[in-house]
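# Results of the structural survey
Each chain, letter by letter, is given below.
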Amino acid sequence: MRHSNIGRAVFIAAVTLGIAGFAGADAQAQTYKLMTGPQGGVWVPLGGTMKAMFEKAVPGLTIQTLPGAGIANVKGVQEGKADFGFGNSISTVDAINGRAPFTAKADNVCQVANLYPQYFQVVVTVDSKIEKIEDLKGKAIAVQTRGNTAEAISAQILQAHGLSYEAMSKVNFMASYNDAAALLKDGHAQVFTLGTTIPASSVMDLATARDVRLVPITDKGLAEMKKINAGYNKVTVPAGTYPKQDKDVPVIGYSTHFITSCKLPEDKVYAVTKAMATHVADMAAVNKAMAKLTAKDMAEDIGVPLHPGAAKYYREAGALK
C-alpha cells in the first residue's frame, strides 16, 4: 500500500507538472495584429511575407493580418487595435504632431523601419484627354475610402491646383484599388488615384483593357503640395513602367515605413526588426524596390520615435551610434 501511495503521488505530481508545463507554453503564445492595406496594393502581399517571417523568428508568435490604410493603420496602432502596421511617412509625422486629419498627438506610435519610396499616381484613360491636374475639373474620379493616405493626398493635390471634390462631376470612394480601376474599365470614371509602389498591379490590370496614362506633377504643383506637407517630394516613374508609357513621368513621392505600438516588449520588436533586416531578399521578392535596403536605410530618422527594440538592433548592426 505504501508503495502504491507513493506511486500515486508521483503520478499526480507528474501530471500536475505536465499541465503546468502546457500552461506555461500557452502563456508564451501570443497573437499580434498587423494592419496592411487595400487590395490591389503591395502592402497585402508584403504583410503576408512578414507574417511568415515574424512567426519563424519569434517562437510562439502568431501574426493576424488585417486590411488597413496609411491613416487608419496609425490610428489602429495608437488606439491599441493593432500591434504593427504599414504607414506613410507624411501622415505618420502628421499624427505624431497632432495635425489634421488627426485630432490629437499620437504617443503610442513608434518607428520600426523605413522600407521603400511610394508613388502617388494619378491614372487617367487616354480618351479622357486629361493632360494635367487642372484638366480633372468636371471629371468622374475614383479615390480610396477616407482613412487612406492616398485619399488625403487626392484631396490635397486638387487643393494645390485650385480644385476640390466639388469641382468633380462625381467622386467615388472605393474600398480597393482594384475596385477603382474597375470603374475606369467600365467607363464610369476617367480618373483614379493610388499611392503604392510601381508598377502597381491594379494599373497593370487596367492597362490590359484601356489605354491609360499618368498625369505628371509640375514644379509649381510640387511647391504647392510642399506648403501643405513638407514631407512631399518628387519621384520619377521611369518610361516603360506601364504599357505604352514612352517617357518618364514625375509624380509626388513619400516613404512607406513599418510602425508598432510603443508598448510592445523590447525583445519582441528587436526580433522583428532583426528578421526584417536579415531577410531583405524575402521582402524584395514581393517588392523589388526593397532589393537594396540596408539597416542604415531602415534606421533613418523621419521624425517618428524609434521603438527601443528597433534601436537596440540598429545599434548592434552599426546603423545607429
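Everything quoted here is computed from the prediction, not taken from an experiment.

Quick look at the nonpolar core now. With 50 residues, the main nonpolar core has Phe120, Val122, Val123, Leu136 and Phe192 as its most contacted residues. Setting aside residues no more than four positions away along its own chain, Phe192 makes contact with Gln121, Val122, Val123, Ala142, Tyr177, Ala180, Ala181, Leu184, Ser202, Val203 and Leu206. With 36 residues, the next largest nonpolar core counts Met53, Leu61, Val269 and Met290 among its residues.

Examined bridge by bridge, strand E5 (residues 140-144) and strand E6 (residues 170-174) share five bridges and lie parallel to one another. Bridging across to E6, Ala142 finds its partner in Asn172. A crossover connection joins E5 to the parallel E6 through helix H5 (residues 149-160); in handedness this β-α-β unit is right-handed.

This part takes up the packing of aromatic side chains. Under the defined criterion, the tally for this structure stands at nine aromatic pairs. An angle of 55° between the planes, with centres 5.9 Å apart, marks the rings of Phe54 and Phe258 as tilted. Of the two residues, Phe54 is situated in helix H2 (residues 43-57) and Phe258 in strand E10 (residues 249-261); the sequence distance between them amounts to 204 residues. The two residues Phe54 and Phe258 agree in class, both being buried. Here Tyr270 and Tyr313 contribute two aromatic rings whose centre-to-centre distance is 6.0 Å and whose plane-to-plane angle is 70°, an arrangement assigned as edge-to-face. Here Tyr270 is found in helix H9 (residues 266-278), whereas its partner Tyr313 is found in helix H12 (residues 308-316), with 43 residues between them in sequence. Here the aromatic cluster, defined as three or more aromatic residues joined through ring pairs, consists of Tyr32, Trp43, Phe54, Phe84, Phe86 and Phe258. Note that Lys312 overlies the ring of Tyr270, its terminal NZ or CZ placed 5.2 Å from the centroid.

So, how was this worked out
- Residues numbered from 1 in each chain as written.
- Predicted model: local features only at pLDDT ≥ 70, side-chain atom pairs only at ≥ 80, totals over all residues.
- Heavy atoms only, no water.
- Core = buried A, V, L, I, M, F, W, Y, C linked by side-chain atoms within 4.5 Å.
- Buried < 20%, exposed > 50% of the residue type's maximum accessible area, 1.4 Å probe, protein only.
- Contact = heavy atoms within 4.5 Å.
- Pairing = 2+ DSSP bridges.
- Helix = DSSP H or I, 4+ residues; strand = E, 2+ residues; numbered from the N terminus.
- Right-handed = clockwise from strand over helix to strand, strands pointing away.
- Phe/Tyr/Trp six-rings, centres within 6.5 Å; stacked < 30°, edge-to-face > 60°.
- Lys NZ or Arg CZ within 6 Å of the ring centre and 35° of its normal.

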